[in-house]
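# Close look at the chain arrangement
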Amino acid sequence: MPETVYSYDPDLRNRNFCFQKITDAFEAGKIFDKIHEDRLSWAYFPDSISREYWIRLQLCPGHHLIAAYENRKLAGIMEAHPPISGSFVYEVGMCALRDFFSVSVPLGMCAIRFLLNLNADCVGLMGRIPQTNRHALNLYDKLGFSMLCRVPGYFRIREKKGRVADGIFVFGSRQELLEANRAFSPES
């Protein structure tokens, strides 16, 4: 049985989200398909990854695919993995589905808490974001991440006609992310 936690945040106006670590290829495939159905693949998969390869990656040891649901409806996802074997920093990618854009910050905060609770040894999280995805850049900033650097021409975005975008690398230490979480929701 996958690990599940129910999270309530007073700022969500009585909305409850369920977070689940996905360990099944079928469920991972449904998540991949939903991201494409919502036409968010250009933002979430800027490297234009295949469905089969992405599912295999998510099920590798050390990888975490965390799904957030509200009333059994997929609200968002977070994937996390150490960028190199043995690292205590996890690389993360996050995506709120269209119907949940308005609660992407509290959803992200809860997902970060869930991930950090799963991985007590994690000292920080890092992310790579196309510079063209201003919504994701804004989200990561609100979640407590800081910009590390900008890498020119890092992403080639197939869904945007092969457009090249700079990559923005962000990082948040465990302490910084938990402090941002407490500032957002003092009861957490």
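Structure shown above.
These notes cover the structure that comes with them. (Residues numbered from 1 in each chain as written. Predicted model: local features only at pLDDT ≥ 70, side-chain atom pairs only at ≥ 80, totals over all residues. Heavy atoms only, no water.)

## Quick word on the pairing of strand E2 (residues 16–22)
The test is simple: Any residue under 20% of the maximum accessible area for its type is buried, any over 50% is exposed, and the rest in between are partly exposed; the area is computed with a 1.4 Å probe on protein chains only. Put simply, DSSP H or I for four residues or longer makes a helix, DSSP E for two residues or longer makes a strand, and each gets a number counted from the N terminus. Whether two strands pair depends on DSSP finding at least two bridges between them.
Extensive coverage of E2 is indicated by the burial of five of its seven residues. Summarising the sheet, E2 and strand E3 (residues 64–70) pair through five bridges and their orientation is antiparallel. Bridge assignment links Ile22 to a residue of E3, and that residue is Leu65.

## Observations concerning the packing of aromatic side chains
Put simply, the rule reads: Any two rings among Phe, Tyr and Trp, with Trp reduced to its six-membered ring, count as a pair given centres within 6.5 Å; such a pair is stacked if its planes are under 30 degrees apart, edge-to-face if over 60, and tilted if neither.
Within this structure, the stated rule accounts for five aromatic pairs. Counting every residue linked through ring pairs, the aromatic cluster contains Tyr154, Phe155 and Phe169.

## Some remarks on the pattern of salt bridges
Worth spelling out the cut-off: One speaks of a salt bridge when a side-chain nitrogen belonging to Lys or Arg is within 4 Å of a carboxyl oxygen belonging to Asp or Glu.
All chains considered together, the criterion is met by seven salt bridges. For Lys34, the salt bridge goes to Asp38, with nearest N and O atoms at 3.4 Å. A relative accessible area of 11% places Asp38 in the buried class. Of the charged contacts in the structure, one is a salt bridge between Lys73 and Asp99, with a shortest N-O distance of 2.5 Å. Placement of the pair is Lys73 in strand E4 (residues 73–81) and Asp99 in the loop between strand E5 (89–96) and helix H4 (104–118), with a sequence separation of 26 residues. Note on Lys73: relative accessible area 38%, which makes it partly exposed. Classification of Asp99 as exposed rests on a relative accessible area of 52%. Each of the salt bridges in this network shares a partner with another, and the network as a whole consists of Lys34, Glu37 and Asp38.

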